[in-house]
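Geometric and topological summary
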Amino acid sequence: INKEKIELFENIKWQEFKLTDIFTIQKGERLVEVDRIEGEVPLITASAINNGITSFIDYDIFHIKKKLFENQITIDMFGSVFYHNYFYFSDDNIHTLLLKDKNKDKLNDISQVFLVTILKQLYSKYGYGRQVRIQRLENEIIKLPILKKDTINWNFIEDYIKALPYSKNLIKE
């Protein structure tokens with residue numbers, strides 16, 4: 001935990017990135033309610049509440065047929081953004097953002113919280129009449145702090161989140 005206050009924009013350079021510069025976007029797979037078999041693994045569907053978890057389905061039955069994700073950010077068709085630090089399945093209205101290889105070692109609960117906050121700024125652009133789809137996400141642009149051109153400042157991201165009040169609640173012991 002960092003006790004010193006860190007300014008978000010003071011002496012920090014920011015750069016615009018297309019989502020596809022940072023993430024690979026994978027769409028979930030259709031699983032209608034009648035075909036769901038109750039189990040222990042969360043199923044993420046389009047919902048602004050409960051991190052998008054609407055049911056729990058059986059791992060043994062679905063892990064062969066469906067993509068299983070862990071420690072990823074999702075954006076649903078209405079623009080709701082959540083981080084899931086657990087295994088989950090997702091339906092076809094969910095887009096999972098997989099950090100590209102060059103950044104994977106920087107990914108942790110703390111950096112994910114920062115990314116989710118940035119991505120939630122896209123929410124106002126979407127709704128029932130203008131849904132989030134892969135083609136739209138591929139063209140979305142977000143701003144992130146950088147060390148130099150095209151190099152995200154992951155250390156600043158982590159230090160900034162650690163300096164926020166209550167950040168100790170994010171640290172696993």
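Above this text is the structure in question.
A few points on the structure. On a predicted model such as this, the values are computed, not experimentally measured, just so you know. (Residues numbered from 1 in each chain as written. Predicted model: local features only at pLDDT ≥ 70, side-chain atom pairs only at ≥ 80, totals over all residues. Heavy atoms only, no water.)

**Regarding unusual backbone geometry**
Located in the positive-phi region is asparagine 51, a residue other than glycine, with phi close to 55 degrees. Within the element layout of this structure, asparagine 51 appears in the loop between β3 (38-44) and β4 (53-57). In this structure asparagine 51 comes out as partly exposed when scored by relative accessible area, which is 27%. (Helix = DSSP H or I, 4+ residues; strand = E, 2+ residues; numbered from the N terminus. Buried < 20%, exposed > 50% of the residue type's maximum accessible area, 1.4 Å probe, protein only.)

**Topic: empty space enclosed by the protein**
Scanning all chains against the criterion turns up 1 cavity of 30 Å³ or more. Of the volumes computed, that of the largest cavity is approximately 40 Å³. As for the largest cavity, its lining consists of Ile44, Thr45, Ser47, Asn51, Gly52, Thr74, Ile75, Asp76, Ser80, Phe82 and Ile94. It is strand β5 (residues 69-76) that contributes the most residues to the lining of the largest cavity, 3 residues altogether. Among the residues forming the lining of the largest cavity, the class breakdown is 4 nonpolar, 6 polar and 1 charged. (1 Å grid on protein atoms, 1.4 Å probe; cavity = no way out; pocket = protein on both sides within 12 Å on 5 of 7 lines; lining within 4 Å. Points joined across faces, edges and corners; volume = space filled by probe spheres on them. Nonpolar A, V, L, I, M, F, W, Y, C, P; charged D, E, K, R; others polar.)

**Some points on the sheet that holds strand β7 (residues 94-99)**
Strand-to-strand pairing in sheets goes through backbone hydrogen bonds, with the strands running parallel or antiparallel. As summarised here, the arrangement of the 6 strands in space is β2-β7-β5-β6-β3-β4, forming an open sheet in which the pairing is mixed. The sheet is open, and its two borders are formed by β2 (23-27) and β4, each paired with just one other strand. Direction aside, the axes of adjacent strands within the sheet are offset by 40 degrees on average. (Pairing = 2+ DSSP bridges. Axes fitted to C-alpha atoms, helices over the stretch in contact; angles between N-to-C directions.)

**Focus: the pattern of salt bridges**
Any two side chains of opposite charge can pair, so long as their charged atoms come close to each other. Using the criterion set out here, one finds 4 salt bridges in the structure. Here glutamate 140 makes a salt bridge to lysine 125, at a shortest N to O gap of 2.8 Å. One end of the pair, glutamate 140, is in the loop between α4 (134-138) and β8 (141-148); the other, lysine 125, is in the loop between α3 (109-119) and α4, with 15 residues separating them in the sequence. Salt-bridge contacts for aspartate 150 lead to lysine 149; the nearest nitrogen and oxygen are separated by 3.8 Å. Look at aspartate 150 and you get partly exposed, because its relative accessible area is 44%. Judged by its relative accessible area of 64%, lysine 149 is exposed. (Salt bridge = Lys/Arg side-chain N within 4 Å of Asp/Glu carboxyl O.)

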